[in-house]
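Summary of the model geometry
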Amino acid sequence: MMRVVVLAALALTLVAGKSDPLADRVAGKPVRCIDIQRNGGPEIVDSQTILYRQSGTRIWKTGPVGECPSLRPRDTLIVDVYGGQVCRNDRFRTVSVGMSIPSGYCRFRDFTPYDKVAK
């Protein structure tokens, strides 16, 4: 049974003066799915980047397959979730602040883990 989960995008964005959230992190091997129960809500960085924070040491990076012109920071992501995972090719839409009609569907790419480098 399909569950639709609405996840609010965090207001954090990459703007001038803010640091790169993936700085000092090493990319791992991309995976098809991640467990949404272990991750915070998505952070839309730009039209090609969505981050899920798993813990203090791991961030998952994904984005849309192809173009997704409606993907903007501070928008709300509406994700079609099947079970407890979000996976490559799962569909999502966005809703802009102050709007009630969602965008057209986009699909996720693979999820790449970024882990902190041990010092």
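For the structure itself, look to the data block above.
Residues numbered from 1 in each chain as written. Predicted model: local features only at pLDDT ≥ 70, side-chain atom pairs only at ≥ 80, totals over all residues. Heavy atoms only, no water.

**What about the overall build of the protein chain?**
A tally of helices and strands in the protein chain yields 0 helices and 11 strands. Counting only residues that meet the buried cut, the protein chain has 36% of its 119 residues in that class. Surface accessibility of the protein chain: about 6800 Å² in total, with carbon and sulfur atoms responsible for 54%. (Helix = DSSP H or I, 4+ residues; strand = E, 2+ residues; numbered from the N terminus. Buried < 20%, exposed > 50% of the residue type's maximum accessible area, 1.4 Å probe, protein only. Areas by Shrake-Rupley, 256 points an atom, 1.4 Å probe, with all protein chains shown as cover.)

**Some remarks on the pattern of salt bridges**
If you walk through the whole model with that rule in mind, you get 5 salt bridges. Its salt-bridge partner being Asp75, residue Arg72 comes within 3.8 Å of it at the nearest N-O pair. For Arg91, the salt bridge identified is with Asp80, shortest N-O distance 3.2 Å. Here the residue Arg91 occupies a position in strand β9 (residues 91-95), and Asp80 occupies one in strand β7 (residues 76-82), the gap between them amounting to 11 residues. Here Arg91 falls in the partly exposed class, since its relative accessible area comes to 34%. (Salt bridge = Lys/Arg side-chain N within 4 Å of Asp/Glu carboxyl O.)

**As for the state of the cysteines**
Counted according to the given criterion, the structure contains 2 disulfides. For Cys33, the disulfide goes to Cys87, at an S-S distance of 1.9 Å. Handedness of the Cys33-Cys87 disulfide follows from its S-S torsion of about 110 degrees: it is right-handed. Within this pair, whereas Cys33 is found in strand β3 (residues 33-35), its partner Cys87 is found in strand β8 (residues 85-87), the two being separated by 54 residues in sequence. Residue class for Cys87 comes out buried when judged on its relative accessible area of 11%. The side chain of Cys68 participates in a disulfide bridge whose partner is Cys106; the two sulfur atoms lie 2.0 Å from each other. What sets the handedness of the Cys68 and Cys106 disulfide is the S-S torsion sign, and at about 90 degrees it is right-handed. (Disulfide = S-S within 2.5 Å.)

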